[in-house]
Every structure is written in C-alpha cells, then in structure tokens.
Amino acid sequence: MSNNRRPPFLLIIIAVIIVLVVAIIWWFKPDNAGKPSSQTESTALNSQANASIIDEANVNNNVGTLSKQDASQFTTGLENLPRSLQGTEVDGEIIIDENKQLVVTEGLRRLFDYFLSALGEEDEAVIYARVESYIRSHTPEPAASQAMKIFDQYIAYLKAIPAIESRYGNLQLQSTKNGELDLNMVAQQRQDVAKLRQQHFDKTTITAFFGAEDEYDDYSIAMVKINQDKQMSDAQKEAAKQDYISRMPDNATKANIAQQANLEELITRTEQMQAKSATAEELYNMRRELVGAPAAARLAQVDQQDAHFDQRFKQYQAQKQQLLSQSADKTQAQAQISQIEQQLFNETERKRLAGYAALQQQKAATPNQIRY
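No experiment lies behind these values; they were computed from the predicted model shown.

Chemist: What exactly am I supposed to notice about the overall build of the protein chain here?
Modeler: The helix and strand tally for the protein chain stands at 17 helices and 2 strands. Counting across all 372 residues of the protein chain, residues that qualify as buried make up 40%. The long-range fraction of contacts in the protein chain, counting pairs at least 24 apart against all pairs at least 6 apart in sequence, stands at 71%. Carbon and sulfur atoms make up 50% of the accessible area of the protein chain, which amounts to about 21,300 Å² in all.

Okay, here's the thing in structure tokens:
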C-alpha cells in the first residue's frame, strides 16, 4: 500500500519533497517514530482498480448477497490472508464509546485500506467478506453495523472518485505545459471532490477520514501559490511560507511539515559545509541541532562508510585506468578489472560503481556548484 492517496494535482508537489527526502530519510528517522497520519493512509487502489472495486450490482444494495456467499470461510477475517498481507499486523482501529456506538476515526479508514490493498490478489466479494468478518468478530452492536455502513459508503466513494481524478488530471497535464500549476483548476477539483464526499459521508466521517489529508493539501497549494507569485522576492516568499506554517494548528500535520523543512535545511547545510571542508565534529553538531543526536550519529556513520567507499573507488579507478592503458589484450584487462571489483567491493557496492563514477564526473565538471 502507498502512504498517501493524493489527487494528481499534488503529485508534482510530492515529487519535489520525495527528491529532497529519499536519500537520507531512513537514517534520519527515529527508531520508534510514529508515522504521520498523512503518510500512514493507504493508497490501496489506483484509478483503474477503484473503478472496478465493486460492480454495479454491489453498489445497488446487493453487496450482502456476495459477501454472504464467501463469509462462511471466515471467522475473524484473517484466515488464509493473501501473500501481500501475510506476516503483517492489521493497520487501523475500531473505537467505540461507553454505549457501544462507533467513534469514527482516521484509523477506521486505514483499517478498510489495509484489506482493500489485496485487491487483485483476491476478489472484491472476498475482501468485503473479510472486512465484515473482522469487524463483527471484534466489535459489538450497534458499532459493528455502523462500521459496515461506512464501509459500504467508502466503497461507493472509491468507485466514483476516479472519474474526477481522470477528468482534472488530463486538464492539469495540458495546463502545466508552461511549468506552473493551474490553481483555479485545482480549486475546482477540490470542490468537486468535497461535493462527492458530502454525497457519501456525514460531516463527522469526512473530518475523520480526510481532515489531515485536506490540511496537508491546503499547505501544499499555499506553498505553490507563494512560489508562483512573481511579485515576491525569494526572501519574501520564505517569510510568507514561515508565516503560513506558524498559523497552522499544532497537530501531526504541522509536525510532519516541520520535519520536512528540517530535512531540506539538513541537505542544504550539509552540502554547503562539505563544500567548505567542514570537520566531522562540525557536521555532527549541525545535524544534532536539526534532527537530534541519534540521527546525527547515524549520519556520521554514513559519512564514514561513504568515505571508505570513495577511498576504495579511487583505488579501483586508478588500477582500472592503468590496466586499460597498458594492456594490449582488452579481454584479459577486463577480466583483471572484474577481479579487482570482486576484491574491493561487495555485491551491493558493485551495483553502485557505474552510477558513482558518473556522479564523480559530474562533480569534476562543476567543482564549485552547490545545490540550493
């Protein structure tokens, strides 16, 4: 399952964040950190799968017929799990109050998505039966029936959303040819999605299921709007971004955004300091300030590993060039080069050699370039 069900208009924004984060995110992440809500939400279904998740008969109140045909094979819904779910823990939660009434949370949506992620491995009716068996075996009435009603609504919503995504996705691709996101079109798409949600859910469920997602989307669009403002200087844009974040409510979304900002600053400052030949202690102190001591220690370890790899790479390159320049038998020279690779690098490192060589060539061509 993917961590974020985002409409296509946000893919551009998210791609930028991923490029900045992916190189060091594992090392920066605390050992027991919880996932931000916007990342733990599963994107179990792509648009094509969403469109076929439940056929027309199911939507028209015949879902029960299909589920009853398969429900007999389940007691808890966890029997004979498909391969993708084997060895995993059920994501999500079912919360009830003192009167056994369902308390709708974002965790209920994650629970639905956990089982729906197996679409393709299992038939739709089997997945429906799993969810029903799981809910009814873990939840008293009336909360169990309330949860199943919302599941039916969620399925209908997933069936309808791809039409909106497809329509606006095509229009957005055309409008972004000039390099900018059409914010008016984005706003219209969000309005259509909001109307669709209102057709299927009550206000409480909409807030629980989509509140954090909408909050992050609001932030992302605000950042795009600031970046596209040609009347503002870079300093004014940065100030506007910080002002927006400061006015956000203190919650998991804001914490996640602050975390991403720290990562961006970490990458930039690391590159700047390395370009100035900063010491290991100076790098550690800077990183500790931004991401904490444990992450700073892990990044220091990465630096040591990279330095060791770079030393062996330079040795490898020198011996390789010597063999290629001095040997008349190119086949024999290549065999010797392969032997050197085996001696200096493990299997995983050998896969990095070509890309690392290209990176070193690029750095040599632009020795003073620093990415900001």
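Further notes follow.
Chemist: In this structure, what is going on with unusual backbone geometry? I would like to understand it.
Modeler: Leaving glycine aside, a negative phi is the common case for residues, and trans is the common case for peptide bonds. Residue Glu141 is joined to Pro142 through a cis peptide bond whose omega torsion reads 5 degrees. Tracing the backbone through its elements, the reader meets Pro142 in the loop between helix H7 (124-138) and helix H8 (143-175). With a phi angle near 65 degrees, Lys100 is a residue other than glycine that sits in the positive phi range. Along the chain, Lys100 turns up in the loop between strand E1 (95-96) and strand E2 (102-103). The phi dihedral of Ser277 is positive, around 60 degrees, even though this residue is not glycine. Inspection of the secondary structure puts Ser277 in the loop between helix H12 (252-275) and helix H13 (280-291).

Chemist: When you look at helix H11 (residues 234-246) in this model, what are you seeing that I'm missing?
Modeler: With 13 residues, H11 ought to run about 18 Å at 1.5 Å a step, and its terminal C-alpha atoms sit 18 Å apart, in line with that. Its buried side turned inward, H11 meets helix H10 (203-227) and H12.

Chemist: How do you make sense of the side chain of Ser117 when you look at a structure like this?
Modeler: Take Ser117: it is sitting in the loop between helix H6 (106-116) and H7. At 2.7 Å, the side chain of Ser117 and the backbone oxygen of Tyr114 are in polar contact.

Chemist: I keep staring at the packing of H6 against H10 and nothing clicks. Help me out?
Modeler: Two quantities define a packed helix pair, namely the angle between the axes and the distance from one axis to the other. Running from N to C, H6 and H10 point in directions that differ by 95 degrees, and their axes come no closer than 7 Å. Put simply, H6 runs roughly perpendicular to H10. Contacts between H6 and H10 involve Glu106, Leu108, Arg109 and Phe112 from the former and Ala208, Phe209, Phe210 and Glu213 from the latter. The residue makeup of the contact of H6 with H10, split by class, is 5 nonpolar, no polar and 3 charged.

Chemist: Which parts of the structure should I look at to understand the nonpolar core?
Modeler: Across soluble globular proteins, nonpolar side chains show a tendency to be buried alongside one another. Leu108, Phe112, Ile135, Phe151, Tyr154, Tyr157 and Phe209 are the most contacted members of the largest nonpolar core, which has 37 residues in total. Breaking this core down by element, the ones donating at least two residues are H6, H7, H8, helix H9 (183-200) and H10. If near-sequence neighbours (up to four positions away) are discounted, Phe151 is found in contact with Phe112, Leu116, Tyr128 and Val131. Formed by 11 residues, the second largest nonpolar core is a distinct cluster that contains Phe309, Phe313, Ile337 and Tyr356.

Calculation notes
- Residues numbered from 1 in each chain as written.
- Predicted model: local features only at pLDDT ≥ 70, side-chain atom pairs only at ≥ 80, totals over all residues.
- Heavy atoms only, no water.
- Helix = DSSP H or I, 4+ residues; strand = E, 2+ residues; numbered from the N terminus.
- Buried < 20%, exposed > 50% of the residue type's maximum accessible area, 1.4 Å probe, protein only.
- Contact = heavy atoms within 4.5 Å.
- Areas by Shrake-Rupley, 256 points an atom, 1.4 Å probe, with all protein chains shown as cover.
- Expected span 1.5 Å × (residues − 1).
- Polar contact = N/O pair within 3.5 Å; in protein donor to acceptor, adjacent residues only side chain to side chain.
- Axes fitted to C-alpha atoms, helices over the stretch in contact; angles between N-to-C directions.
- Parallel < 35°, antiparallel > 145°, perpendicular 65-115°, else oblique.
- Nonpolar A, V, L, I, M, F, W, Y, C, P; charged D, E, K, R; others polar.
- Core = buried A, V, L, I, M, F, W, Y, C linked by side-chain atoms within 4.5 Å.

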